[in-house]
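# Notes for the structure review
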Amino acid sequence: MNDIEDPVLLHTAGRAAHITLNRPRAINALNHAMVRRVDGALTAWERDPDVETVVISGAGERGLCAGGDIRAVHDDARDGTASAAFWRDEYHLNARIARYPKPYVALMDGIVMGGGVGVSAHGSVRVVTERSRIAMPETGIGFVPDVGGTHLLARAPGELGTHLALTGAQIGAGDAMECGLADHYVPSASLRQLADDLAALPVREALDRHVQPVPAGELADRRAWIDSCYAADSVEEIVRRLFAHGDPAAKEAAETLLTRSPTSLKVTLAALRRARRLDSLERVLEQEYRVSCAALSTPDLVEGIRAQVIDKDRDPRWSPATLAGVTAADVERFFTPLGERELGLAPTDTTAEGVHRAGPSS
């Protein structure tokens, strides 16, 4: 298989090992084979004393990764086949990245959405650029933020994560750092040299050569209405508060919510609130796996992908069509334990999470 055909390219340069997601025409969307290949590389490099740092990036000019291959998810959900196997391996990979014992440097340039967040924002060194556009847009396709997204967003300051999870809004570098999804800002023109420096230098030294002050984002100035509106206990009340607030951006957010899957909105809010009470990424991923498996049997996932990706009419017909039509029992069904089909992530020491993030030196 040549480089054009191989969806994941692997190579080492000096002390660094590199993963390049290589489906540029699909903005490097992840499929099952790619997840398994990345996991296999991490296994090999974890044991390799010559590899001191792992770097992940995306081929092409558009971004690191636009998410999972949702066309495949659509076909699986429509035909009743097994997307759950993909999610199982993907979520295990997300957990592994968060606990990886060597610095894991994610170059979050361009589009980083959904599954792209999962293979980057759990890493110990997360680099954004002026081109970064980061989002968890799942409610727009009848799904719910996954790949540990509810873990990350539940821990963002105030209710910023609730706003991002429900609306699916895209954010840039400044807001990504404000929300705890990134650590360092490097201009995109410097990424190639940063990668070269990582071959010869400890991560901290390489970063110090290229990191610059991050441009200001937008969310910090919107915290007042975001925190007050999204603190409500129901999606209906969130929408009411947004419309009543008076800020044009709040009204725009409310209008966006009314285009999203009502079921996805209510399940997402419940998932975020529950994630705040869970003690580790692993426990949140187990919850997300239950939610994802339940979503396979709902009409909104197939319909949302159809409207946004397959037919591109941007006119999904949600079922139920309104927030009022989604009952508490409907929401609770998504959190039903799976018995023998549970994700089964091993317990970990939660103090290890983000161990390199405070300042990698190796």
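These remarks concern the structure in this document. (Residues numbered from 1 in each chain as written. Predicted model: local features only at pLDDT ≥ 70, side-chain atom pairs only at ≥ 80, totals over all residues. Heavy atoms only, no water.)

## Side note on the pattern of salt bridges
When charged atoms on two side chains of opposite charge get close, those side chains can pair. Note the threshold: Salt bridge, as used here: a side-chain nitrogen of Lys or Arg that lies within 4 Å of a carboxyl oxygen of Asp or Glu. Only DSSP runs of H or I with at least four residues qualify as helices, and only runs of E with at least two residues qualify as strands; both kinds are numbered from the N terminus onward. Any residue under 20% of the maximum accessible area for its type is buried, any over 50% is exposed, and the rest in between are partly exposed; the area is computed with a 1.4 Å probe on protein chains only.
Evaluation of the coordinates by the stated rule reveals 24 salt bridges. In this structure, Glu282 and Arg99 form a salt bridge, with 2.7 Å as the shortest nitrogen-oxygen distance. You can see Glu282 sitting in helix H14 (residues 281-295) and its partner Arg99 sitting in the loop between helix H3 (83-98) and strand E5 (104-108), a full 183 residues away along the chain. Residue Glu282 is classed as buried on the basis of its relative accessible area, which comes to 2%. The residue Arg131 makes a salt bridge to Asp109 at a minimum N-O spacing of 3.0 Å. Note that Arg131 is positioned in the loop between strand E7 (125-128) and strand E8 (133-135) and Asp109 in the loop between E5 and strand E6 (111-113), a separation of 22 residues in sequence. In this structure Arg131 comes out as partly exposed when scored by relative accessible area, which is 33%.

## Side note on the sheet that holds strand E4 (residues 63-65)
Pairing between the strands of a sheet comes from backbone hydrogen bonds, and it takes one of two forms, parallel or antiparallel. To keep things clear, this is the line we draw: By definition, two strands form a pair when at least two bridges between them are found by DSSP. Axis lines are fitted to C-alpha atoms, over the contacting stretch for helices. Their N-to-C directions set the angle, which ranges from 0 to 180 degrees.
Across the sheet, 3 strands lie side by side as E4-E6-E8; this open sheet has parallel pairing. Only two strands of the sheet have a single partner each, and these edge strands are E4 and E8. On average, each strand axis in the sheet is tilted by 15° relative to the strand beside it, whichever way the strands run. As paired elements, E6 and E8 share 3 bridges and run parallel to each other. Among the inter-strand pairings, Met113 is bridged to a residue of E8, identified as Ala135.

## Some words on the packing of helix H6 (residues 160-167) against helix H10 (residues 223-230)
Stated precisely, the cut-off is as follows: The scheme is simple: roughly parallel for angles under 35 degrees, roughly antiparallel for over 145, roughly perpendicular for 65 to 115, oblique for anything else. Between two residues, a contact is recorded if the distance between any of their heavy atoms is within 4.5 Å. Each residue receives one of three labels: charged for Asp, Glu, Lys and Arg, nonpolar for Ala, Val, Leu, Ile, Met, Phe, Trp, Tyr, Cys and Pro, and polar for the others, Gly being one of them.
It is at 8 Å that the axes of H6 and H10 come closest, and there the two elements cross at 75°. For the element pair H6 / H10, the angle class is roughly perpendicular. Residues Leu160, Thr162, His163, Leu166 and Thr167 of H6 form the contact with H10, whose participating residues are Arg223, Trp225, Ile226, Asp227 and Tyr230. Looking at the contact of H6 with H10, its residues break down into 5 nonpolar, 3 polar and 2 charged.

## Here we look at the sheet that holds E7
As summarised here, the arrangement of the 6 strands in space is E1-E2-E3-E5-E7-E9, forming an open sheet in which the pairing is mixed. What marks the edges here is a single partner per strand, and that holds for strand E1 (8-13) and strand E9 (184-185). Relative to E5, strand E3 (residues 53-58) is paired through 3 bridges, and the arrangement is parallel. Looking at the pairing, Ile56 lines up with Ala106 of E5. In the packing of helix H8 (residues 191-198) onto the sheet, contacts are made with strand E2 (16-21), E3, E5 and E7, and the angle to E5 comes to roughly 170°.

## Thoughts on the packing of aromatic side chains
When we look at a pair of aromatic rings, we describe it by the centre distance and by the angle of the planes. Put simply, the test is: By convention, a stacked pair of Phe, Tyr or Trp rings (six-membered ring in the case of Trp) has centres within 6.5 Å and planes under 30 degrees apart, an edge-to-face pair has planes over 60 apart, and any other such pair is tilted. To sit over a ring, a charge needs its Lys NZ or Arg CZ within 6 Å of the ring centre and within 35 degrees of the ring normal.
Tallied over the full model, the rule gives 2 aromatic pairs. The interplanar angle of 15° and the centroid separation of 5.3 Å between the aromatic rings of Trp87 and Phe143 together place this pair among those described as stacked. On the criterion of sequence distance, the pair formed by Trp87 in helix H3 and Phe143 in the loop between E8 and helix H5 (149-154) is long-range, its members being 56 residues apart. Across this residue pair, the class does not change: Trp87 and Phe143 are buried. Arranged with centres 6.2 Å apart and planes meeting at 85°, the rings of Tyr91 and Tyr289 form a pair that is edge-to-face. With Tyr91 in helix H3 and Tyr289 in helix H14, the pair connects residues that are 198 residues apart, well separated along the chain. For Tyr91, a relative accessible area of 0% gives the class buried. A residue is classified by how much of its surface remains accessible, and Tyr289, at 4% relative accessible area, is buried. In this structure, Arg274 packs its charged tip against the face of Phe335, placed 3.9 Å from the ring centre.

## Notes on the environment of Arg273
Condition: In protein, a polar contact requires one atom able to donate a hydrogen and another able to accept it; more generally it is a pair of N or O atoms within 3.5 Å, and residues adjacent in sequence count only if both atoms are side-chain atoms.
Tracing the sequence through the fold places Arg273 in helix H13 (residues 262-275). Along the chain, Arg273 and Asp233 lie 40 residues apart, while their C-alpha atoms are 9.3 Å from each other. Among the polar contacts made by the side chain of Arg273, one reaches the side chain of Thr162 at a distance of 3.4 Å.

## What about helix H12 (residues 248-257)?
How we decide: Working note: the arc is built from the helix axis to C-beta atom directions.
When H12 is considered as a whole, its buried residues turn out to be Ala249, Ala250, Ala253, Ala254 and Leu257. Projection of H12 onto a plane perpendicular to its axis shows the buried side chains occupying an angular sector of 145°, all on one side. Projecting away from the buried face of H12 at angles above 90 degrees are the exposed residues Pro248 and Glu252. On the buried face of H12, the contacting elements are H6, H10, helix H11 (235-245) and H13. If you check the start of H12, you find a side-chain oxygen 2.7 Å away from the backbone N of Ala249, and it comes from Asp247.

## Section: the pairing of E2
What counts, and what does not: Crossover handedness is defined by viewing with both strands directed away from the observer: a clockwise path from the first strand over the helix to the second marks the crossover as right-handed.
Burial analysis of E2 places 6 of its 6 residues in the buried class, the great majority of the element. Residues of E2 alternate between two faces, with Ala16, His18 and Thr20 on one and Ala17, Ile19 and Leu21 on the opposite face, all of them buried. Sheet analysis places E1 next to E2, joined by 6 bridges and oriented antiparallel. Residue pairing in the sheet places Thr12 in a bridge with Ala17 of E2. In this structure, the hairpin formed by E1 and E2 is closed by a connection of 2 residues, where Gly14 is found at a positive phi of approximately 60°. Sheet topology places E2 next to E3; 6 bridges connect them, and they run parallel. Paired with Ala16 across the bridge in E3 is Thr53. Regarding topology, helix H1 (residues 32-46) serves as the crossover connection from E2 to the parallel E3, and that connection is right-handed.

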